[in-house]
Amino acid sequence: MSGHFETLIYTDCRPGQGLKGNAGLQFQARSADSTAAAEALVRNHLLYEPPSRWMADRRPVAQYPPSFAHISSDGVLATAAGLYLGREANGSREGNQLTHAVVTTDPASYGDLRPAQLFQARFWSTEPAPTTRSDPVRLDDGVGADHSPVRAQAFVLGQPNGRETLLALVSALAEAGRPGRSRVLFVGDDIASIVAWLVAGTLLLPRERALELGFKIYSTDPARSALPVVAVLPEFAGPAGRIDNPLGYAVFDLHRHQHTPVEPTASARRWVDLFLTEDPRDVVDALGVATASGLTGDDAAEEAAAALGLAAILHRLPDPRHAEAIVGWLRTGPEGMRRAYGADVADLFAETPERWEQRVLVLLDEVGCDGLLPGKAADVRLALIISEVEDARVHGVVTDRRLPPLPAGEWRPDHGEQARQLLTEALTSGVTPDRFAALLWVATRFDVDVRWPDIARAAEDFVDYWADHPRGVRARGLACRDELEKRLLAALEDRARRGAKERAEVGDGWWRQLLPRVERLPSPLAEAALGAAVRHGDERDSLIKRYLTGSRDDPRGFSELAGALWSQSAPTTPELELLLDLAPDGARLPGRVFRKVNEEWTSGRTADRRLFDLCHRLVARDLMAPTPRLAAELAEDAKLIDTIAALGRGPDQRRRAALLRQLRDCPARLVEMRQPEVVVALSRVVAFLNLDGVLDRHPALRAPFVDRLVTALTTEDGEVPAVLAYYLVASSTTPTEPQIKRLTQALGQWLTRSPDGPLERAGHHYAQLDEAWRTGWQRYVDSYSGRRRRYRLAHPFRDR
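Since this is a predicted model, take the numbers as computed values, not measurements.

A.B. asks: Got a sec to walk through the layout of surface pockets? Specific residues and values, please.
C.D. replies: Computed from the structure, the largest pocket encloses a volume of approximately 790 Å³. Forming the walls of the largest pocket are 36 residues, and the residues nearest its centre are Ala174, Glu175, Thr265, Ser267 and Glu302. Of all the secondary-structure elements, those providing two or more residues to the lining of the largest pocket are α4 (162-175), β10 (249-253), α8 (266-277), α9 (280-292) and α10 (299-313). Taken together, the residues of the lining of the largest pocket sort by class into 19 nonpolar, eight polar and nine charged. Taken as a whole, the second largest pocket spans an internal volume of roughly 510 Å³. Asp112, Leu113, Arg114, Val284 and Asp285 are the residues nearest the centre of the second largest pocket, which is lined by 23 residues in total. When residues of the lining of the second largest pocket are traced back to their parent elements, those giving at least two are α6 (207-212) and α9. Per-element tally for the lining of the second largest pocket: the top contributor is α9, with seven residues.

What follows is the structure in structure tokens.
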């Protein structure tokens, strides 16, 4: 112990003896000028107080008890011992006293001692200094020995109701002098006993609290002292000395062995019981560790701090409630404290790792990774593995965060073998698939070498579960992943081979995972993945183009790939066009690619002309093998196309009739599909009866045929549209009233502006029927003669 104090001596001085130079009570000496700042503090609070009544009675000096006091204020700490000297140095009056104070601004000057332990130390002066410069004080190793924790324990145990008194005293001292709290008042005539109680009480307070807790032994009036702890002789106690006083004192009457009832604090209960039953030096040290640990805050933190102190000093195993906080402290507590006590505390935890909950073991494992558990880090990790294996096996709970390696030499091969056996036994214990996956993650987390042959049979149910739950297992980093994925692919392949429905089911669940490796997959799985990717994928167009382009130099591969891509969904017309553009010579696509096309023709729905033309091209390239029904439809369509073309070449009357009969007999949906070309062809040939046959067989042509005639009459000069229009207007199989109105209006425009030649040729066409039609046409033409004359007058140069 090497605490350093400056000193002050206060007494009655002869002239020239004190710091003031004159006679009287004053500071007689000081060790350094810097202590002058502390003189007022000492004068106001720590000086010896001789009772005036005793001085008046001229009691013998020996009857005056010594004084002992301490204060902490504004960073200055001072402890003082005083005694009564009797008569003045310069006269015969009573009242001379000497107070020797030690002063410091560094709390460390007290070392491990509480101020009360300085009582009767050998350095206290009982007489003035030889000069006005007193000697500083340096604590030696013997200071405080008379008031050691051992002696304090013996003292308390030897007192009546010692435990209860100490419990109340510690509780009162912890709060003494704070706003709203009682001051502590000792009543007794034995200063040694008072100091012994004060020593015992402050030993069980944090050192900082003991240093700040001012006391005064003795005061002649408790009200005169502002310090939190005061001692008075019984005759000076007055009303304040009653244990039930209402004046704000917690009274400890040492003469009667009574004290004011004080509600014990949890901290007091803990440390008092330990102090009286254990080695008191260890208990005080444990309290010091707890106080300096940095574990502060609520009651739980204080309890954890106490448990830490007891673990560090008494090697007492902490209650599991505090284990997490203490193990966390091993990594985050004050560096000096951890350096001093961390290894012992860590060793205490590591001795019985199986005792702790998993979250504590996780923290303790981190401590082991820091190198603070030499020789025992592997045992802690094994305990953590056991705990997490049980959690995974029973509850399916696991974290996949990998743990850092332990320091070199900690984890030996035998530890690895123990861990492997633990995981193997758990994996082969008949756990459910989800628990099996959790156990595999435990193996991954701890880098345990689980061997596939040991768990292969047990993994079968898990693989089936995985196949049914594509998103139920996180495969990346999973123990035995390669072998498990082989079994998974085999299981998926087996399912995919069972049929198209099963392939679609496999594809629905697995296409995203399988697509990146599709080139290496067996055919059924590749088809399942590609088919589902086309059916579900957001980038269908780019996916199809990418894969088809990659196979355009391989006819067989291109054909197989096309079959896979559209195994679950039909190609769109643009996709078929892309197929046609990219297909290499020699490719022949599977029939399922065209299943929807064939179904459309079988269902009898209206044909898609773009798609049908595409079918012609696909068949022509030998890429598509049409069904008999579609082949027949394509043949009929080819005949229709030839018929339209032949009509457009202006055939003779007999040929026209034959062609119109062919047109009449064509399937209705083909005629409707090529309706624009058909109506154009019909508008350019005159074959009245055969026209009736076409329109009767294909009534859907009537409206567009009328539209075509109206357009031709208003934009063309030839007579055929006019002949056909009049035929429709005058025919018994007349169009609808709106259509007749439109035809009549358009025909009138044509008749008004047409030259005579087309009118005459039109009459010849009606001669094919009978004279009545020719005469009717002539009358109809004549009805427009006035309009025609006016038109010619307005257009005199029009070509006739």
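A.B. asks: Lay out the pairing of strand β3 (residues 67-73) in plain terms, naming residues and giving numbers.
C.D. replies: Where burial is concerned, most of β3 is hidden: five out of the seven residues are buried. Connecting the antiparallel pair β3 and strand β4 (residues 76-87) is a turn made up of two residues, with Asp74 showing a positive phi of about 50°. Pairing analysis gives three bridges linking β3 to strand β8 (residues 215-217), with the strands arranged antiparallel. The residue bridging His70 from the neighbouring strand is Phe215, located in β8.

A.B. asks: Describe the packing of α8 against α10, with residues and values.
C.D. replies: Between α8 and α10, the least distance of the axes is 11 Å, while the angle of their chain directions is 20°. One finds that α8 runs roughly parallel with respect to α10. The handedness of the crossing between α8 and α10 is right-handed. Of α10, the residues touching α8 (which contributes Arg270, Trp271 and Leu274) are Glu303, Ala306 and Leu310. Its residues assigned to classes, the contact of α8 with α10 shows four nonpolar, no polar and two charged.

A.B. asks: Can you break down the packing of aromatic side chains residue by residue, with the values?
C.D. replies: Per the stated rule, a full pass over the model turns up 26 aromatic pairs. Ring geometry for Phe462 and Trp466: centres 5.8 Å apart, planes at 35°, overall tilted. Placement of both Phe462 and Trp466 in helix α18 (residues 459-468) is noted, with a separation of four residues, approximately one turn of the helix. Neither residue differs from the other here; Phe462 and Trp466 are each classed as buried. Judged by centre distance (5.3 Å) and plane angle (70°), the rings of Tyr726 and Trp777 are edge-to-face. In this pair, Tyr726 is assigned in helix α33 (residues 720-730) and Trp777 in helix α36 (residues 771-782), connecting sequence segments 51 residues apart. For Trp777, a relative accessible area of 1% gives the class buried. An aromatic cluster is present here, built from Phe688, Tyr726, Tyr727, Tyr766, Trp773, Trp777, Tyr780 and Tyr784 joined pairwise through their rings.

A.B. asks: Give me the lowdown on the side chain of Arg708, citing residues and values where you can.
C.D. replies: Mapped onto the elements of the fold, Arg708 is located in helix α32 (residues 702-715). Since its relative accessible area comes to 15%, Arg708 is described here as buried. Residues within four places of Arg708 in sequence aside, it is in contact with Val679, Val680, Ser683, Arg684 and Glu716.

A.B. asks: I'd like to hear about empty space enclosed by the protein, residue by residue, with values.
C.D. replies: Under the defined criterion, the tally for this structure stands at three cavities of 30 Å³ or more. Here the largest cavity defines a volume of roughly 90 Å³. Looking at the largest cavity, the residues that line it are Tyr48, Glu49, Pro51, Pro65, Pro66, Ser67, Tyr218, Ser219, Thr220, Leu233 and Phe236. Looking at the lining of the largest cavity residue by residue, the class counts come to seven nonpolar, three polar and one charged.

A.B. asks: Tell me about the pattern of salt bridges, and name the residues and values.
C.D. replies: Here the structure, examined in full by the defined rule, presents 66 salt bridges. Between Glu235 and Arg53 there is a salt bridge; the shortest N-O distance is 3.6 Å. Residue Glu235 is located in helix α7 (residues 234-237), and its partner Arg53 is located in helix α2 (residues 52-56); the two are separated by 182 residues in the primary sequence. Note on Glu235: relative accessible area 43%, which makes it partly exposed. On the basis of relative accessibility, which here comes to 46%, the residue Arg53 falls in the partly exposed class. Note that Asp253 and Arg256 form a salt bridge whose closest N and O atoms lie 2.8 Å from each other. Several salt bridges converge on common partners, so that one network encompasses Glu175, Arg178, Arg181, Arg209 and Glu212.

A.B. asks: Talk me through the environment of Gln63; I want residue IDs and the actual numbers.
C.D. replies: You can see Gln63 is positioned in the loop between α2 and β3. For Gln63, a relative accessible area of 43% puts it in the partly exposed group.

A.B. asks: A description of helix α22 (residues 540-550) should follow, citing residues and the corresponding values.
C.D. replies: Among the residues of α22, Arg540, Leu543, Ile544, Tyr547 and Leu548 are the ones counted as buried. Around the axis of α22, the buried residues are gathered within 115° of arc, so they sit on the same side. Those residues of α22 that are exposed and angled more than 90 degrees off the buried face are Asp541 and Gly550. Among the structural elements, α21 (523-536), α23 (555-565) and α24 (573-582) are those in contact with the buried residues of α22.

A.B. asks: Mind laying out the side chain of Ser293, listing which residues take part and the relevant values?
C.D. replies: Secondary-structure assignment places Ser293 in the loop between α9 and α10. Exposure remark for Ser293: the relative accessible area of 1% places this residue in the buried category. Of the polar contacts made by the side chain of Ser293, one reaches the backbone nitrogen of Leu295; its length is 3.1 Å. Other than its neighbours up to four places away in sequence, Ser293 contacts Ala305, Leu308, Trp329, Gly333, Pro334 and Met337.

A.B. asks: Any chance you could break down unusual backbone geometry for me, citing the residues and the numbers?
C.D. replies: Tyr218 follows Ile217 through a cis peptide bond whose omega is 0°. Note on placement: Tyr218 falls in the loop between β8 and β9 (229-232). Even without being a glycine, Asp74 presents a positive backbone phi close to 50°. Within the secondary structure layout, Asp74 lies in the loop between β3 and β4. On the basis of relative accessible area, Asp74 is assigned to the exposed category, the value being 81%.

A.B. asks: Let's hear about the pairing of strand β1 (residues 4-13): which residues, and what values?
C.D. replies: Within β1, eight of the ten residues are buried, which leaves it mostly tucked inside the rest of the structure. As judged from the two bridges shared by β1 and strand β6 (residues 137-138), these two strands associate in the antiparallel manner. By the bridge assignment, Phe5 is partnered in β6 with Val137. By the bridge criterion, six bridges tie β1 to strand β5 (residues 94-104) in an arrangement that is antiparallel. In the strand pairing of β5, Ile9 is matched with His100. Summarising the sheet, β1 and strand β2 (residues 24-30) pair through six bridges and their orientation is antiparallel. Along β2, the bridge assignment pairs Thr11 with Gln26.

A.B. asks: If you had to explain the nonpolar core to someone new, which residues and values would you point to?
C.D. replies: Ranked by size, the top nonpolar core spans 238 residues in total, and within it Leu166, Phe186, Trp271, Leu484 and Leu565 carry the most contacts. Setting aside residues no more than four positions away along its own chain, Leu484 makes contact with Leu440, Trp452, Ala459, Phe462, Val463, Trp466, Leu478 and Ala479. If you look at the next biggest cluster of nonpolar residues, it comprises 16 residues, including Leu8, Ala38, Ala78 and Leu227.

Rules behind the numbers
- Every chain is numbered independently, its residues counted from 1 as its sequence is written.
- For this predicted model, a pLDDT threshold of at least 70 governs which residues receive local features, and a threshold of 80 or more governs which side-chain atom pairs are given and counted, while totals over whole chains, interfaces and linings are taken from all residues.
- Hydrogens are left out, water is left out, and the side-chain values use all remaining heavy atoms of the structure.
- Using a grid of 1 Å spacing that covers the protein atoms alone, one calls a set of points a cavity when a 1.4 Å probe fits there but cannot get out, and a pocket when the set is open and has protein on both sides within 12 Å along at least five of seven lines; lining residues are those with an atom within 4 Å of a point.
- Grid points are joined across faces, edges and corners, and a volume is the space filled by probe spheres set on the points.
- Where helices and strands are cited, they refer to DSSP runs of H or I of at least four residues and of E of at least two residues respectively, numbered from the N terminus.
- Amino acids outside the nonpolar list (Ala, Val, Leu, Ile, Met, Phe, Trp, Tyr, Cys, Pro) and the charged list (Asp, Glu, Lys, Arg) are all regarded as polar, and Gly is one of them.
- Throughout, exposure labels follow a simple rule: accessible area from a 1.4 Å probe, protein chains only, divided by the maximum for the residue type, with under 20% read as buried, over 50% as exposed, and the rest as partly exposed.
- Strand pairing is assigned whenever DSSP identifies at least 2 bridges connecting the two strands.
- Fitted lines through C-alpha atoms serve as axes, helices being fitted only where they are in contact, and the angles separating the N-to-C directions of these axes extend from 0 to 180 degrees.
- Roughly parallel refers to an angle under 35 degrees, roughly antiparallel to one over 145, roughly perpendicular to one between 65 and 115, and oblique to any angle outside these ranges.
- Crossing handedness is defined as follows: a turn of the near helix away from the far one that is anticlockwise and smaller than a right angle gives a left-handed crossing, while the clockwise case is right-handed.
- Residues are treated as being in contact if the distance between any of their heavy atoms lies within 4.5 Å.
- Whether two aromatic rings pair depends on their centres lying within 6.5 Å, for rings of Phe, Tyr and Trp, where Trp uses its six-membered ring; planes under 30 degrees apart make the pair stacked, over 60 edge-to-face, and the rest tilted.
- Within this document, salt bridges are pairs made up of a side-chain nitrogen of Lys or Arg and a carboxyl oxygen of Asp or Glu, the two lying within 4 Å of each other.
- The arc under discussion is defined with respect to the helix axis, by the directions toward the C-beta atoms.
- Think of a polar contact as two N or O atoms within 3.5 Å of one another; within protein, one of them needs to be a possible hydrogen donor and the other a possible acceptor, and neighboring residues in sequence only count if both atoms come from side chains.
- We define the nonpolar core as a collection of buried residues of types Ala, Val, Leu, Ile, Met, Phe, Trp, Tyr and Cys that are connected through side-chain atoms lying within 4.5 Å of one another.

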